[in-house]
Amino acid sequence: MTELISIADCRQHVDQEVRMHVWLTDKRSSGKIVFLQLRDGTAFFQGVVRKNAVSDEVFEIAKSLHQEASFYIKGTVHQDERSHFRYEIQISDLKLITNNEGYPIGNKEHGIEFLLDHRHLWLRSKRPFAIMRIRNTIFKATVDFFENEGFVKFDAPIFMHSAPEGTTELFHTEYFGGDAYLSQSGQLYGEVGAEAFGKIFTFGPTFRAEESKTRRHLTEFWMMEPEMAWMHQDESLDLQERFLSYVTGQVLKHCQYELEILGRDSQKLEPAAQGNYTRLSYDDAVKILQDDGRDFKWGDDFGAPDEAFISEKFDRPFFIVNYPTTIKPFYMKKNPDNPKEYLCADVLAPEGYGEIMGGSERESDYETLLKQIHEAGLNENDYSWYLDLRRYGSVPHSGFGMGFERVIAWICKLDHVREAIPFPRMINRLEP
Ligand code: 4AD
Ligand code: MG
């Protein structure tokens with residue numbers, strides 16, 4: 001029987017007869033020939049139906065196809081240097097599965113709200129296709145990287161009783177007559193994993209009840225959080241740099257077709273794959289803003305416009321290290337040389353994207369951590385198991401968190417993180 005292949009595998013089947021399972025994205029016909037634009041989830045390409053190469057019945061079906069019709073085809077793959085995909089298929093047979101009129105998304109410009117309302121269908125279009133494929137490559141690269149570095153994948157819970165990243169951004173839910181919150185970070189559980197397995201990473205959904213309607217905030221996003229026992233902050237920065245270089249390198253290696261669909265200049269990503277990321281101090285970042293005449297005082301947190309301004313100056317990701325303690329969470333370790341700052345760093349992406357990752361060395365001394373819990377206005381009883389990690393076998397340790405959609409938005413050069421996740425959740429969007 002003729003081999004069943006995916007569109008993406010065409011290059012290994014040039015001039016061969018093959019079978020495929022496809023959907024129609026667009027159609028054009030002129031008398032004796034019908035051009036079908038096809039997709040199968042692996043790529044997009046053109047099928048050609050010639051009147052004299054198929055039965056009358058098949059030619060009539062080809063002419064009658066509506067957008068998103070689904071069908072089986074048989075035909076011969078040819079090289080087609082004019083097309084973006086570089087291959088096409090001369091169809092010899094076609095068997096219809098469904099063919100309904102009225103697909104709401106046409107091959108024309110639609111507004112973003114309309115497209116988001118139809119996200120369940122829009123995901124079939126070229127642009128979301130390319131973004132989701134790149135998302136998948138980044139996911140795989142992340143898992144491969146940490147596995148190669150000897151990390152264990154460790155799963156944190158979603159229902160939480162305590163707040164790692166501040167109490168104002170928690171989604172509350174009732175829990176059998178008591179209270180629970182949706183996880184805003186798996187980190188504290190990641191620290192448990194680090195003391196049990198040495199090096200771990202968590203990867204899962206994260207929830208923030210932030211009332212931010214910005215281009216970089218979702219209420220539900222995915223975070224990847226490595227945690228490393230026996231590791232100080234400097235080594236963690238080295239690891240973060242190796243990690244991001246590897247991920248961008250893998251996208252450049254495997255996703256040229258997708259980057260081309262997005263019109264993303266892949267040369268702009270090459271410096272990121274080369275490493276050598278600048279480590280800028282918080283103090284120097286403040287100077288950059290002040291030298292530009294901005295109203296920014298030492299101790300302020302960077303807003304999105306501040307980060308965008310600084311990040312325009314770099315051609316690859318860079319670190320801002322050692323922020324004031326007043327603007328970062330309670331679990332970080334203070335810099336022994338300057339107790340006004342933590343041993344922490346954010347990673348900012350270039351081209352105006354700003355923060356994509358953040359991390360720190362963790363406070364590993366019991367008494368100091370307890371003091372920092374009190375200073376943050378938190379109840380030590382909520383953190384008793386976390387404090388146990390400092391009672392028994394406490395060691396220096398560090399970790400960080402990657403905002404998955406933020407990294408995708410930068411790599412794909414998206415205007416908004418909502419396009420980086422299959423079903424975005426924002427203040428004003430819970431459907432589809
Ligand atoms: O900076 P954040 O809040 O850090 C943490 O949660 C730490 N526990 C991480 C760690 O050290 N293990 O969040 C980490 C990253 C940010 O750098 C950002 O990329 C992303 O998560 N992020 C968001 N992404 C989309 N929408 C939001 N509302 C986000 N908030 C944070
Ligand atoms: Mg942060």
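Residues numbered from 1 in each chain as written. Chains lettered and ligands numbered in written order. Predicted model: local features only at pLDDT ≥ 70, side-chain atom pairs only at ≥ 80, totals over all residues. Heavy atoms only, no water.

As recorded in an unreviewed UniProt entry, the protein goes by the name Asparagine--tRNA ligase, listed as coming from Lactobacillus kimbladii. Annotation of the protein in UniProt includes, under Sequence similarities (unreviewed entry), the sentence "Belongs to the class-II aminoacyl-tRNA synthetase family." (UniProt positions renumbered as here; feature names shortened; annotations may be inferred.)

S.K.: Outline the overall build of the protein, listing residues and values.
M.R.: Each helix and strand counted, the protein has 13 helices and 19 strands in total. The principal-axis extent of the C-alpha atoms belonging to the protein is close to 85 × 55 × 40 Å. With 432 residues in all, the protein has 52% of them scored as buried. Once local pairs closer than 6 in sequence are excluded, the contacts in the protein between residues at least 24 apart make up 66%. (Helix = DSSP H or I, 4+ residues; strand = E, 2+ residues; numbered from the N terminus. Buried < 20%, exposed > 50% of the residue type's maximum accessible area, 1.4 Å probe, protein only. Contact = heavy atoms within 4.5 Å.)

S.K.: Summarise the sheet that holds strand β18 (residues 354-361); cite the residues concerned and give the values.
M.R.: The strands making up a sheet are joined through hydrogen bonds of the backbone, oriented either antiparallel or parallel. Within the open sheet, the 8 strands sit side by side as β7-β11-β12-β19-β18-β17-β14-β13. Their pairing is mixed. Each edge of the open sheet is held by one strand with a lone partner, namely β7 (152-153) and β13 (279-281). Where β13 and strand β14 (residues 318-321) come together, 3 bridges link them in parallel fashion. Across the sheet, residue L280 finds its bridge partner in β14, namely I320. Packing against the sheet, helix α6 (residues 233-254) makes contact with β12 (220-229), β13, β14, β17 (344-349), β18 and β19 (397-403), and its axis sits at approximately 30° to β19. (Pairing = 2+ DSSP bridges. Axes fitted to C-alpha atoms, helices over the stretch in contact; angles between N-to-C directions.)

S.K.: Pulling in residues and values, what's your account of the domain arrangement of the protein?
M.R.: Here the domain parsing of the protein yields domain 1 (3-98) and domain 2 (119-420). One C-alpha centre belongs to domain 1, the other to domain 2, and the line joining them spans 44 Å. Roughly 830 Å² of surface becomes buried between domain 1 and domain 2 when both sides are summed, with 56% attributable to carbon and sulfur atoms. Where domain 1 packs against domain 2, one counts 1 salt bridge. (Domains from an automatic or database assignment. Buried area = accessible area lost by both parts, 1.4 Å probe. Salt bridge = Lys/Arg side-chain N within 4 Å of Asp/Glu carboxyl O.)

S.K.: Outline a nonpolar patch on the surface, supporting the account with residue identities and numerical values.
M.R.: On the surface, F159, Y175 and F176 cluster together to form a nonpolar patch covering roughly 400 Å² of accessible area. Secondary-structure assignment places F159 in strand β8 (residues 159-160). By relative accessible area, which is 48% here, F159 ends up partly exposed. (Patch = residues over 30% accessible without salt bridge, like charges linked within 9 Å, V, L, I, M, F, W, Y side chains within 5 Å. Areas by Shrake-Rupley, 256 points an atom, 1.4 Å probe, with all protein chains shown as cover.)

S.K.: So what's going on with the pairing of strand β4 (residues 44-50)? Residues and values would help.
M.R.: Taking burial as the measure, the 7 residues of β4 include 6 buried ones, the bulk of the element. In the sheet, strand β3 (residues 33-39) pairs with β4 via 7 bridges, with the strands oriented antiparallel. Opposite L38, over in β4, you have F45 as the bridge partner. Two successive antiparallel strands, β3 and β4, enclose a turn made up of 4 residues, where G41 displays a positive phi of approximately 90°. The sheet contact formed by β4 and strand β6 (residues 87-98) spans 3 bridges and is parallel. Counted as the bridge partner of V48 is Q90 from β6.

S.K.: So, the pattern of salt bridges: which residues are in play, and what are the values?
M.R.: Evaluated as defined, the whole model comprises 23 salt bridges. Across the pair R362 and E227 runs a salt bridge whose closest N-O atoms are separated by 2.9 Å. With R362 in the loop between β18 and α11 (366-375) and E227 in strand β12, the pair connects residues that are 135 residues apart, well separated along the chain. The same class applies to R362 as to E227, namely buried. Among the ionic contacts, a cluster of salt bridges with common partners joins R39, E68 and R124.

S.K.: How would you summarise the environment of A409 if you had to cite specific residues and measurements?
M.R.: Assignment of secondary structure puts A409 in helix α13 (residues 404-412). With relative accessibility at 4%, the residue A409 sits in the buried group. Distance in space between the C-alpha atoms of A409 and R135 is 9.5 Å, their sequence separation being 274 residues. Residues in contact with A409, not counting those within four places in the same chain, are Y353, L414, V417 and A420.

S.K.: Could you give me a rundown of the pairing of strand β16 (residues 338-342), with the residues and numbers involved?
M.R.: Taken together, the 2 bridges between strand β15 (residues 334-335) and β16 define a ladder with antiparallel strand orientation. Its bridge partner lying in β16, N335 is registered against N338. Connecting β15 to the antiparallel partner β16 that follows it, the hairpin turn spans 2 residues.

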